[in-house]
Amino acid sequence: MFDQLSDRLQATLSEVRARGKLTESDVDAAMREIRLALLEADVNFRVVKAFTKELKERCLGSEVLESLDPGQQVVKIVNEELTGLMGGSGRELAFSSSGPTVILMAGLQGSGKTTACAKLAQHLAKGGKNVALAACDVYRPAAVDQLVTVGGRAGAHVYEQGTDADPVEIAAWALDRAREDDRDVLIVDTAGRLHVDEELMAELARIRKRTKPHDVLLVVDAMTGQDAVGVAESFAEAAEFDGVVMTKLDGDARGGAALSVKAVTGKPILFASTGEKLDAFEAFHPDRMASRILGMGDVLSLIEKAEEQVDQRQAEDLQKKLEDDRFTLEDFLQQMRQVRKMGPLSGLIGMLPGMGAMKQLKGAEVDEGELDRVEAIILSMTPEERVNPGVINGSRRKRIAHGSGTRVQHVNQLLKQFEQMRKLMRQMVSGNMPSPEQLAQMGGGGAPRPRVRRR
Amino acid sequence: MVGVNGTGKTTTIGKIASHLSGEFGLRVVLAAADTYRAAAAEQLAEWADRAGAELIRSEPGGDPGAVAFDAIDAARARGADVVIVDTAGRLHTQGNLMDELGKVRRVIGKQLPGAPHETLISIDATTGQNGLRQAKVFADAVAVDGVVLTKLDGTAKGGIVLAIASELEIPVKLIGTGEKLEDLRPFDPTEFANALLAG
């Protein structure tokens with residue numbers, strides 16, 4: 001996500017950096033690039049104007065001109081301003097101290113409310129909350145069925161009265177039931193509605209009045225264009241929403257419009273929805289996202305993700321093995337499975353610092369089928385072969401290829417890659433970080449040396 | 001019918017089916033090939049009911065290609081005139097899901113040579129610059145013939161279809177202007193241009 005915006009800013013700022021000393025016309029040129037990039041990223045034109053104006057003033061200030069490395073300083077300022085634009089540091093949901101916490105979800109049709117409801121329910125249930133959902137979309141065919149299904153998958157109870165009741169009454173009834181059943185959280189799903197539909201906007205206001213939600217969340221599709229600001233303003237008026245859930249962030253939309261929602265309404269983005277599966281939902285971190293836009297890497301998110309998935313003891317074992325140079329194909333298989341649990345690899349690569357600039361890694365979507373093949377090949381080896389790949393001779397290679405439904409070339413390629421990886425690991429253990437070229441080469445398996453942009 | 005999640009594929013299919021059966025007296029079969037999203041088939045069933053069309057569906061999680069295959073079979077057996085295949089919404093960045101879509105198209109072509117005769121992508125009028133990318137990737141995967149511009153009843157003008165038409169030469173064929181069966185119209189370039197410039 002945001003890949004292209006990050007490219008533009010990086011390209012612009014690397015020019016500024018190369019000059020060493022910053023003149024006013026340098027700043028103007030950089031601002032023009034940033035303005036264009038932001039507009040192309042669907043950031044609302046009003047927001048872009050205000051953003052670059054403030055940015056320029058800060059860039060021309062003494063803190064930049066007097067600094068040893070003005071380019072670096074501009075990066076820092078853009079990062080800070082972008083973080084500000086997206087809502088400062090992260091904010092949590094407000095939970096009620098007594099009785100169920102009510103969260104009302106609202107948004108346009110097709111923005112992803114029902115899915116976001118289930119994801120939020122699962123997210124909160126994981127944190128130990130007893131969560132229920134209220135099915136108040138009586139208009140879209142089968143919306144109630146959908147919520148019942150995905151809610152059930154998320155481990156949340158769904159209060160529904162079919163499609164004949166009034167949504168306001170359903171919401172009030174569900175709240176009563178949630179109180180009786182002693183739920184911690186009630187998430188109210190509502191029908192998608194156009195912000196210009198007065199009747200439905202009034203209905204939303206009535207649901208709000210009756211249920212007195214602790215938080216109203218506006219669900220915003222990350223692909224929304226300039227119209228997002230008008231939508232947000234209307235919803236702010238009718239539903240007085242407190243925060244935003246950004247959906248479909250796993251696509252390649254730059255998501256600028258949803259960011260401008262914050263700038264125009266003052267409401268922060270609380271959650272990011274990033275995939276088809278129910279657990280593809282996370283707290284939104286404006287500060288990390290800004291760093292990511294600038295290509296400084298979202299390392300914190302990556303570490304958090306890894307910590308969630310990787311067993312601590314396994315990690316220690318692995319560390320020990322690396323130190324002793326005892327890393328085997330079996331460990332490689334475990335590692336690969338561990339990493340794949342974190343989600344699609346293409347998403348993870350974007351989070352690594354410096355990788356944003358590596359075209360060949362970015363364009364090349366990581367082929368998950370390739371990884372299946374690697375798994376199959378290793379699984380077709382005997383335990384001895386996995387520990388000591390040196391014994392794999394020609395006839396063993398043939399057998400492995402046959403067993404895994406691949407070709408001997410694939411087996412050869414894997415063995416070669418594994419050898420390269422062990423070499424890199426020995427380097428890392430001895431304290432030398434491998435260069436990006438080496439890392440890329442490891443993935444490409446002897447592909448031509450990639451050209452990496454240098455600063 | 002293809003497109004990104006939440007752009008209005010199923011609703012559009014309901015409207016097209018109603019139009020074909022109501023105005024032209026054609027027999028329509030709908031194929032619920034969105035076997036992924038919860039209750040997607042139920043949603044399409046409701047539209048089939050409203051439009052007087054027949055529905056072919058499978059178990060949740062079933063093979064979308066098989067649903068399309070069966071639908072064409074059923075349409076042949078019953079002498080139907082049109083089959084409309086609903087597919088699961090997918091982000092164009094999900095390579096495996098785009099491959100799956102290509103497979104559905106190939107299955108349709110094998111089952112009925114020359115089909116699909118029309119592949120439509122639904123684009124949400126509120127979509128920004130990303131719409132162009134969506135259209136391009138979908139066109140690469142399944143050879144899109146036209147755009148249905150949905151949700152034009154809001155304040156969004158759908159300007160991105162201008163880029164889609166000029167860069168990819170994919171015309172807008174239909175516009176969606178509401179949630180009722182009759183809220184579907186042929187695209188009128190003059191009207192669209194006037195609306196864009198109306199400020």
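The coordinates are above.
When helices and strands are tallied, chain B shows seven helices and eight strands. Summarising its shape, the C-alpha atoms of chain B cover approximately 50 × 35 × 30 Å along the three principal directions. Here chain B holds 199 residues, and 52% of them are scored as buried. Taking contacts inside chain B between residues at least 6 apart in sequence as the whole, the part at least 24 apart equals 73%.

The next point concerns helix 10 (residues 228-239) of chain A. Residue and element names in this part refer to chain A. With twelve residues, helix 10 extends 16 Å from end C-alpha to end C-alpha; this agrees with the ideal 16 Å at 1.5 Å per step. Listed as buried for helix 10 are A228, V229, V231, A232, F235, A238 and A239. Count one or two residues on from helix 10 and you reach E240, which has phi positive near 45°.

Let's shift gears to the interface of chain A and chain B. Contacts between chain A and chain B engage 31 residues on the former and 27 residues on the latter. Here the side of chain A that touches chain B takes four residues from helix 7 (residues 143-153) of chain A, the largest share from any one element. Class assignment for the residues of the side of chain A that touches chain B results in nine nonpolar, twelve polar and ten charged.

What follows covers the sheet that holds strand 8 (residues 184-186) of chain B. Residue and element names in this part refer to chain B. A sheet is described by the order of its strands in space; here five strands give the open sequence 1-5-6-7-8, paired in mixed fashion. The open sheet has two free edges, formed respectively by strand 1 (2-3) and strand 8, since each of these has just one partner strand. In this fold helix 5 (residues 130-142) packs onto strand 1, strand 5 (120-124) and strand 6 (146-150), with an angle of close to 165° to the strand it touches most, strand 5. Strands in contact with helix 6 (residues 160-168) are strand 5, strand 6 and strand 7 (172-176); relative to strand 6, the strand with the most contacts, it is inclined by about 175°.

Residue and element names in this part refer to chain A. Mapped onto the fold, Q122 is located in helix 6 (residues 113-126). For the pair Q122 and A154, spaced 32 residues apart in sequence, the C-alpha separation works out to 4.7 Å. Sequence-distant contacts of Q122, that is, excluding residues within four places in its chain, are made with A154, G155, L278 and D279.

Moving on to the pairing of strand 1 (residues 101-107) of chain A. All names here are of chain A. Most of strand 1 is tucked away, with seven of its seven residues classed as buried. Residues T101, I103, M105 and G107 line one face of strand 1 and the alternating positions V102, L104 and A106 line the opposite face, and both faces are buried. Where strand 1 and strand 4 (residues 185-190) come together, four bridges link them in parallel fashion. Looking at strand 4, one finds that T101 is bridged to V185. Relative to strand 5 (residues 215-221), strand 1 is paired through five bridges, and the arrangement is parallel.

By size, the foremost hydrophobic cluster in this structure holds 145 residues, and its most contacted members are A:L133, A:I187, A:V188, B:L30, B:A31 and B:A68. Take this core: its biggest share by element is seven residues, from helix 10 of chain A. Not counting residues up to four positions away in its chain, the partners in contact with A:L133 are A:C117, A:A121, A:L147, A:G151, A:A156, A:V158, A:Y159, A:I187 and A:D189.

This part takes up unusual backbone geometry. Residues other than glycine predominantly adopt negative phi, and peptide bonds predominantly adopt the trans conformation. Put simply, B:A115 and B:P116 share a cis peptide bond, and its omega is -10°. Mapped onto the elements of the fold, B:P116 is located in the loop between helix 4 (95-111) and strand 5. Of note, the phi angle at A:D182 is positive, near 60°, even though the residue is not glycine. Among the secondary structure elements, A:D182 is positioned in the loop between helix 8 (167-180) and strand 4. Residues other than glycine seldom take positive phi values, yet B:E169 does so here, at roughly 55°. Relative to the helices and strands, B:E169 resides in the loop between helix 6 and strand 7. Judged by the 8 C-beta atoms lying within 10 Å of it, B:E169 falls in the exposed class.

So, about the sheet that holds strand 3 (residues 157-159) of chain A. Residue and element names in this part refer to chain A. Ordered in space as 3-2-4-1-5-6-7-8, the eight strands form an open sheet in which the pairing is mixed. Pairing within the sheet leaves two strands with one partner each, and these edge strands are strand 3 and strand 8 (281-283). On average, adjacent strands in this sheet sit at an angle of 25° to one another, irrespective of strand direction. Here strand 5 pairs with strand 6 (residues 243-247) via five bridges, running parallel. Paired with L217 across the bridge in strand 6 is G243.

This part covers the environment of B:R185. All names here are of chain B. On the secondary structure map, R185 appears in strand 8. When the C-alpha atoms of R185 and R78 are compared, they prove to be 29 Å apart, with 107 residues separating the residues in sequence. If near-sequence neighbours (up to four positions away) are discounted, R185 is found in contact with L174, I175 and T177.

Criteria and cut-off values
- Residues numbered from 1 in each chain as written.
- Chains lettered and ligands numbered in written order.
- Predicted model: local features only at pLDDT ≥ 70, side-chain atom pairs only at ≥ 80, totals over all residues.
- Helix = DSSP H or I, 4+ residues; strand = E, 2+ residues; numbered from the N terminus.
- Buried ≥ 20, exposed ≤ 12 C-beta atoms within 10 Å, placed from the backbone.
- Contact = placed C-beta atoms within 7 Å.
- Expected span 1.5 Å × (residues − 1).
- Nonpolar A, V, L, I, M, F, W, Y, C, P; charged D, E, K, R; others polar.
- Pairing = 2+ DSSP bridges.
- Axes fitted to C-alpha atoms, helices over the stretch in contact; angles between N-to-C directions.
- Core = buried A, V, L, I, M, F, W, Y, C linked by C-beta atoms within 7 Å.

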